[in-house]
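Survey of secondary and tertiary structure
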Amino acid sequence: MTAVRPERPLYAADSADRALQEAFVEGAFPVAVYGLGKMGLPLAAVFADLTGNVTGVDIDPDVVSAVQRGESPVEGEPGLAELVAETTADGSLRATSDPAGAAADARLHVVIVPTLLDETKDPDLSALLAAVDAIAEGLSHGDLVVVESTVPPGTTRDVVAPRLAERSGLDPGEFGVAFCPERTASGRALEDIRGAYPKVVGGVDAESERVASLLYDEVTSNEVVRAGDATTAECVKVFEGIYRDVNIALANELARVVDPLDVDVSRAIEVANTQPFCDIHDPGPGVGGHCIPLYPHFLTSQVETDLPLIETSRSVNDAMPAFVTSSVVQLLGDRGLDVADADVLLLGVAYRAGVDETRKAPASQIARYLSKLGASVYATDPVVDVGDVQDLTATPLAHDDIESTAPRFDAVVLVTAHEAYDTIAYDAFENGIVVDTRDVVENASIPVYTIGRGRS
Ligand SMILES: NC(=O)C1=CN([C@@H]2O[C@H](COP(=O)(O)OP(=O)(O)OC[C@H]3O[C@@H](n4cnc5c(N)ncnc54)[C@H](O)[C@@H]3O)[C@@H](O)[C@H]2O)C=CC1
Ligand SMILES: CC(=O)N[C@@H]1[C@@H](OP(=O)(O)OP(=O)(O)OC[C@H]2O[C@@H](n3ccc(=O)[nH]c3=O)[C@H](O)[C@@H]2O)O[C@H](C(=O)O)[C@@H](O)[C@@H]1O
């Protein structure tokens, strides 16, 4: 099936709710998804599976040609490779590197391109604006544009909607715009998109929110929560990420009192969380990924208001790699070893377990700090190709070589709690100490220092 935009409008249609939903799942409203990355490709595949009429758009020709071949360039997502193969084979999912062309034929435009920070830690919306400009070239009366990319509150109402009107020549009331955040985690994208959590929708006007809620009601098996407007929906996404960053910062700050109090802080957190209104998160080596560390800046950059808790939490988490490094230095020193003479192995460079993603990963900072102190740093990861990691000041070590080389290391730092590390024989590190930043090392007879629990 090739996408041909029907005369029938999606926004401000005169059809009843159910009739609109039935037409949507029958493919009456061609869908264009802009951004076929870790989140965009699963989303496009789910829309294709539902409607049979989706064009995925990406500016990376390798991504487009892979999808055109029925292959998923996104790995580590259960069910995605099969769904991409199936939906491209039956024509439900097409891929193109022509955003404006895709926009001309679509009725529903879904934007899920990267929203990152620039070098001054201000939001970088260049990808979003490029996608919006391409959509504007093909926008028509009766279309609906949905932003799923996480954006600073106010962006959809004050930037996206006016830019679409200005560049398309349409009046604001002729098309709809909504913000419907992606609340999905890598490694479980299809499950999350299909309904692990309620889907939040917020429109720049009531009709945009109404239509978005009807469409997503067909996508998710969970409920659709109407936020009331686009800016509130943007705040929902950014606030839940900030909540997580602040909560992790609390756990990390509490972990620093382990030694002075001679207490097992992680045990105290575990017991404190036995009551329903306490949910202290887990201490760790720092907060990585291209989401949680960014979202506080999406808020602080939008307001002049002083936000000390949010900013301090960010700095607490950013200080954790240095805390881990100083713990390694101190533990080596306790054994009469100078860090400059030490061989140190980092277990895990991904920002969290099970994902092939190293953006803002704590391991890179720990490697940099230890290297600066003169240590010989090695790094290994069962999921990430360590040799491909940019700016990692560590020598790659193959996962299979860990145990045979273990005796040479003076310290081994468990940075990422990959499942593969559950079966490591830590006693093979007979001349070393273990620094466990994730509280997962068990049954080791050699000395272990656990962030949050202290020495054992
Ligand atoms: N990765 C995650 O765990 C989650 C990410 N998000 C949000 O989803 C958005 C996308 O993130 P990811 O999928 O992880 O990014 P990604 O980096 O994995 O993929 C982005 C894709 O968009 C393409 N792209 C860039 N500019 C484009 C344009 N102008 N037109 C079309 N395609 C373009 C890139 O070539 C790339 O293939 C971000 O706003 C992020 O905050 C939300 C929830 C979870
Ligand atoms: C509020 C929330 O849980 N957001 C999720 C988050 O997913 P993300 O892949 O960033 O993983 P994450 O579990 O938040 O971890 C982020 C970082 O924080 C660390 N981390 C996480 C939880 C914790 O208790 N302690 C801790 O140190 C992780 O190791 C990692 O380095 O961010 C995603 C996003 O918005 O991109 C979002 O869709 C996911 O649902």
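Residues numbered from 1 in each chain as written. Chains lettered and ligands numbered in written order. Predicted model: local features only at pLDDT ≥ 70, side-chain atom pairs only at ≥ 80, totals over all residues. Heavy atoms only, no water.

A few points about the overall build of the protein chain
Secondary structure assignment for the protein chain yields 17 helices and 17 strands. Computed over its C-alpha atoms, the radius of gyration of the protein chain comes to 24 Å, within 12% of the 23 Å expected for a compact globule of 456 residues. Projected onto the principal axes, the alpha-carbon positions of the protein chain cover approximately 80 × 50 × 40 Å. Per-residue burial over the protein chain gives 55% buried out of 456 residues. Restricting to contacts in the protein chain with at least 6 residues of sequence separation, those with at least 24 account for 70%. For the protein chain, the accessible area works out to roughly 18,900 Å², and carbon and sulfur atoms hold 50% of it. When the 32 basic and 74 acidic side-chain charges of the protein chain are each reduced to a single mean position, those positions are 2 Å apart. (Helix = DSSP H or I, 4+ residues; strand = E, 2+ residues; numbered from the N terminus. Rg over C-alpha atoms; globule rule 2.2 N^0.38 Å. Buried < 20%, exposed > 50% of the residue type's maximum accessible area, 1.4 Å probe, protein only. Contact = heavy atoms within 4.5 Å. Areas by Shrake-Rupley, 256 points an atom, 1.4 Å probe, with all protein chains shown as cover. Lys, Arg positive; Asp, Glu negative; His and termini not counted. Charge placed at Lys NZ, Arg CZ, Asp CG, Glu CD.)

Quick look at the UniProt feature "domain: UDP-glucose/GDP-mannose dehydrogenase C-terminal" (unreviewed entry) in the protein chain
If you check UniProt for "domain: UDP-glucose/GDP-mannose dehydrogenase C-terminal" (unreviewed entry), the listed places come out as residues 345-443 in our numbering. Helix makes up 15% of residues 345-443 and strand 18%. Its end C-alpha atoms lie 19 Å apart. (UniProt positions renumbered as here; feature names shortened; annotations may be inferred.)

Section: the site of ligand 1
The full set close to ligand 1 counts 26 residues, and M39, D58, T115, T184 and H290 are the nearest of them. The contact in question runs from an oxygen atom of ligand 1 to an N or O atom on the backbone of T150, over 3.2 Å. Here Y295 contributes a side-chain N or O atom positioned 3.2 Å from an oxygen atom of ligand 1. In the complex, 90% of the free accessible area of ligand 1, which totals 840 Å², lies under the protein chains. Of the residues forming the shell around ligand 1, the biggest block, 3 residues, is contributed by helix 6 (residues 126-138). (Near = heavy atom within 4 Å. Polar contact = N/O pair within 3.5 Å; in protein donor to acceptor, adjacent residues only side chain to side chain.)

Remarks on the environment of L307
Examined against the element boundaries, L307 turns out to sit in the loop between helix 13 (295-300) and helix 14 (308-318). In this structure the C-alpha to C-alpha distance between L307 and A45, which are 262 residues apart in sequence, comes to 39 Å. Sequence-distant contacts of L307, defined by excluding residues within four places in its chain, comprise L299 and T300.

A look at helix 6
The first and last C-alpha atoms of helix 6 sit 19 Å apart over 13 residues, in line with the 18 Å expected at 1.5 Å per residue. Residues of helix 6 that are buried: L128, A131, V132, D133, A134, I135, A136 and G138. On its buried face, helix 6 is in contact with strand 1 (31-34), helix 5 (99-105), strand 4 (108-111), strand 7 (144-147) and helix 7 (155-168). (Expected span 1.5 Å × (residues − 1).)

Brief notes about the packing of helix 1 (residues 17-25) against helix 9 (residues 206-219)
Interhelical geometry of helix 1 versus helix 9 gives an angle of 55 degrees and a closest axis separation of 10 Å. Viewed along their axes, helix 1 and helix 9 adopt a mutual orientation that is oblique. Like other packed secondary-structure pairs, helix 1 and helix 9 cross with a definite hand, here right-handed. Where helix 1 abuts helix 9, its residues D17, R18, L20, Q21, F24 and V25 lie against R210, V211, L214, L215, D217 and E218. Of the residues that constitute the contact of helix 1 with helix 9, the class distribution is 6 nonpolar, 1 polar and 5 charged. (Axes fitted to C-alpha atoms, helices over the stretch in contact; angles between N-to-C directions. Parallel < 35°, antiparallel > 145°, perpendicular 65-115°, else oblique. Left-handed = near helix turned anticlockwise from the far one by under 90°. Nonpolar A, V, L, I, M, F, W, Y, C, P; charged D, E, K, R; others polar.)

Here we look at the site of ligand 2
With respect to spatial proximity, 17 residues lie near ligand 2, and among them T184, K237, R244, C291 and Y351 are the closest. A distance of 2.6 Å separates an oxygen atom of ligand 2 from a polar backbone atom of T184. Separating an oxygen atom of ligand 2 from a backbone N or O atom of G288 is a distance of 2.9 Å. Against a free-state accessible area of 760 Å², the protein chains account for coverage of 84% of ligand 2. With 4 residues, the single largest contributor to the shell around ligand 2 is helix 10 (residues 230-255).

Looking at the side chain of S15
Mapping S15 onto the fold places it in the segment before helix 1. If we ignore the near neighbours within four places in the chain, the residues touching S15 are R8 and L20.

Notes on the domain arrangement of the protein chain
Under the domain assignment used here, the protein chain contains domain 1 (17-228) and domain 2 (309-455). Distance from the C-alpha centre of domain 1 to the C-alpha centre of domain 2: 38 Å. Tallying the contact residues gives 4 residues for domain 1 and 5 residues for domain 2. The contact between domain 1 and domain 2 buries some 390 Å² in all, and 40% of this surface belongs to carbon and sulfur atoms. The interface formed by domain 1 and domain 2 holds 2 residue pairs in polar contact (both at pLDDT 80 or more) in total. (Domains from an automatic or database assignment. Buried area = accessible area lost by both parts, 1.4 Å probe.)

Some thoughts on the packing of helix 6 against helix 7
Running from amino to carboxyl end, helix 6 crosses helix 7 at an angle of 35 degrees, the nearest separation of the two axes being 8 Å. As helix 6 packs across helix 7, the resulting crossing turns out to be right-handed. Residues L128, L129, V132, D133, I135 and A136 of helix 6 touch helix 7, and the partners they reach there are T155, V159, V160, R163, L164, R167 and S168. Residues that form the contact of helix 6 with helix 7 fall into these classes: 8 nonpolar, 2 polar and 3 charged.

Some remarks on unusual backbone geometry
Even without a glycine there, the phi angle at A12 is positive, about 55 degrees. Along the chain, A12 turns up in the segment before helix 1.

Here we look at the sheet that holds strand 15 (residues 433-436)
The strand order across the open sheet formed by 7 strands is 13-12-11-14-15-16-17, and the pairing between neighbours is mixed. Of all the strands in the sheet, the pair left with one neighbour each is strand 13 (395-396) and strand 17 (454-455). Two elements, strand 16 (residues 448-450) and strand 17, share 2 bridges in a ladder whose sense is antiparallel. Each residue of the ladder has a partner; that of T450, found in strand 17, is G454. (Pairing = 2+ DSSP bridges.)

Brief notes about a nonpolar patch on the surface
Taken together, the side chains of V257, L261 and V263 define a hydrophobic patch exposed on the protein surface, amounting to about 230 Å² of accessible area. Tracing the backbone shows L261 in helix 11 (residues 258-261). A residue is classified by how much of its surface remains accessible, and L261, at 58% relative accessible area, is exposed. (Patch = residues over 30% accessible without salt bridge, like charges linked within 9 Å, V, L, I, M, F, W, Y side chains within 5 Å. Salt bridge = Lys/Arg side-chain N within 4 Å of Asp/Glu carboxyl O.)

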